[in-house]
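Each chain, letter by letter, is given below.
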Amino acid sequence: MEVKNLRTYFYTASGISKAVDGVSFEVEQGETLGIVGESGCGKSVMSASLMRLLASKAGKIVDGTVHFDGIDVLALDKRQLREFRGKDVAMIFQDPMTTLDPVFKIGYQMVEAILAHRDVTKEEARQISIEALKKVGIPDPEKRFDSYPFELSGGMCQRVAIAMVLC
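Remember, predicted model here, so these are calculated numbers, not experimental data. (Residues numbered from 1 in each chain as written. Predicted model: local features only at pLDDT ≥ 70, side-chain atom pairs only at ≥ 80, totals over all residues. Heavy atoms only, no water.)

**Q** Break down the side chain of Gln 109 for me, citing the residues and quoting the values.
**A** Counting through the fold element by element, Gln 109 comes out in helix H4 (residues 106-117). A polar atom in the side chain of Gln 109 sits 2.8 Å from the backbone oxygen of Phe 104. Setting aside its immediate chain neighbours within four residues, Gln 109 contacts Leu 100, Asp 101, Phe 104, Pro 149 and Met 164. (Helix = DSSP H or I, 4+ residues; strand = E, 2+ residues; numbered from the N terminus. Polar contact = N/O pair within 3.5 Å; in protein donor to acceptor, adjacent residues only side chain to side chain. Contact = heavy atoms within 4.5 Å.)

And the structure:
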């Protein structure tokens, strides 16, 4: 991924808030990049900008480029974005309780995500999900597959979100 001069601004009644102002970095395949900073410095806004997850009325990418494996992320249409987000990149959100829909079982949510991005049967998606739950250390993954998010701790929900990204 190559990011050059990324600028994401929020336009409010009291003026312009420059949440991300000139961020540049490059990450090669196999490398890991850690983003650290104080609360409110723009880490989450930058991450949402990279995946084009900003609410269009709230924030706007006003400058910069984002390329992933030669793809201009800022030029992708809705269909291409959906494929990019599920196939090439994924995000683990800070609050696991808002990542998962409380009215659907964990397994249903995992299987739906897999079916949206991979050419497998429901049963194969179920097995992939259970394997991913095992990988992230969820105890009794077959049972947890049939659990609702509110039946799990915040830490277990975070692990489920990580398992979904792995899928």
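Here the narrative resumes, following the displayed structure.
**Q** Tell me what's going on with H4, and back it up with residues and numbers.
**A** Over its 12 residues, H4 runs 17 Å from end to end, which matches the ideal 16 Å to within 8%, given 1.5 Å per residue. Buried residues of H4: Ile 106, Gly 107, Gln 109, Met 110, Val 111 and Ile 114, and no others. Buried positions along H4 lie against helix H5 (122-135), helix H6 (141-145) and helix H7 (154-166). (Expected span 1.5 Å × (residues − 1). Buried < 20%, exposed > 50% of the residue type's maximum accessible area, 1.4 Å probe, protein only.)

**Q** Give a detailed account of the nonpolar core, specifying residues and quantitative values.
**A** In terms of nonpolar packing, the biggest core is built from 18 residues, with Ile 106, Met 110, Leu 133, Ile 138, Val 160 and Ala 163 touching the most fellow members. Excluding residues that lie within four positions of it along the chain, Leu 133 makes contacts with Met 110, Ile 138, Pro 141, Phe 145, Val 160 and Ala 163. Judged by nonpolar contacts, the second largest core, of 17 residues, contains Met 46, Leu 50, Phe 68 and Leu 81. (Core = buried A, V, L, I, M, F, W, Y, C linked by side-chain atoms within 4.5 Å.)

**Q** Please provide a residue-by-residue account of the packing of aromatic side chains, values included.
**A** The geometry of two aromatic rings is summed up by the distance between their centres and the angle between their planes. A complete count under the given rule lists 3 aromatic pairs for this structure. Residues Phe 104 and Tyr 108 carry aromatic rings whose centres are separated by 4.9 Å and whose planes lie at 25° to one another, so their mutual orientation is stacked. Classification of Phe 104 by relative accessible area gives partly exposed; the value is 35%. Directly above the ring of Phe 145 sits Arg 126, whose terminal nitrogen or CZ lies 4.9 Å from the centroid. (Phe/Tyr/Trp six-rings, centres within 6.5 Å; stacked < 30°, edge-to-face > 60°. Lys NZ or Arg CZ within 6 Å of the ring centre and 35° of its normal.)

**Q** Got a sec to walk through the pairing of strand E2 (residues 15-26)? Specific residues and values, please.
**A** Inspection of the sheet shows strand E1 (residues 2-12) paired to E2 by 9 bridges, in the antiparallel sense. Opposite Val 3, over in E2, you have Phe 25 as the bridge partner. Between E1 and E2, which pair antiparallel and follow one another directly, the connecting turn spans 2 residues. (Pairing = 2+ DSSP bridges.)

**Q** Please provide a residue-by-residue account of the pairing of E1, values included.
**A** Pairing of E1 with strand E3 (residues 59-68), which is carried by 7 bridges, proceeds in the antiparallel orientation. Looking across to E3, one finds that Val 3 is bridged to Val 66.

**Q** Describe the pattern of salt bridges, listing the residues and the values that go with them.
**A** All chains considered together, the criterion is met by 5 salt bridges. We note a salt bridge from Lys 4 to Glu 2, for which the minimum N-O separation is 3.3 Å. Given the relative accessible area of 46%, Lys 4 is considered partly exposed. Two residues, Arg 7 and Asp 21, come together in a salt bridge whose shortest N-O distance is 2.5 Å. Within this pair, whereas Arg 7 is found in strand E1, its partner Asp 21 is found in strand E2, the two being separated by 14 residues in sequence. Taking the relative accessible area as the measure of exposure, Asp 21 reaches 41% and is therefore partly exposed. (Salt bridge = Lys/Arg side-chain N within 4 Å of Asp/Glu carboxyl O.)

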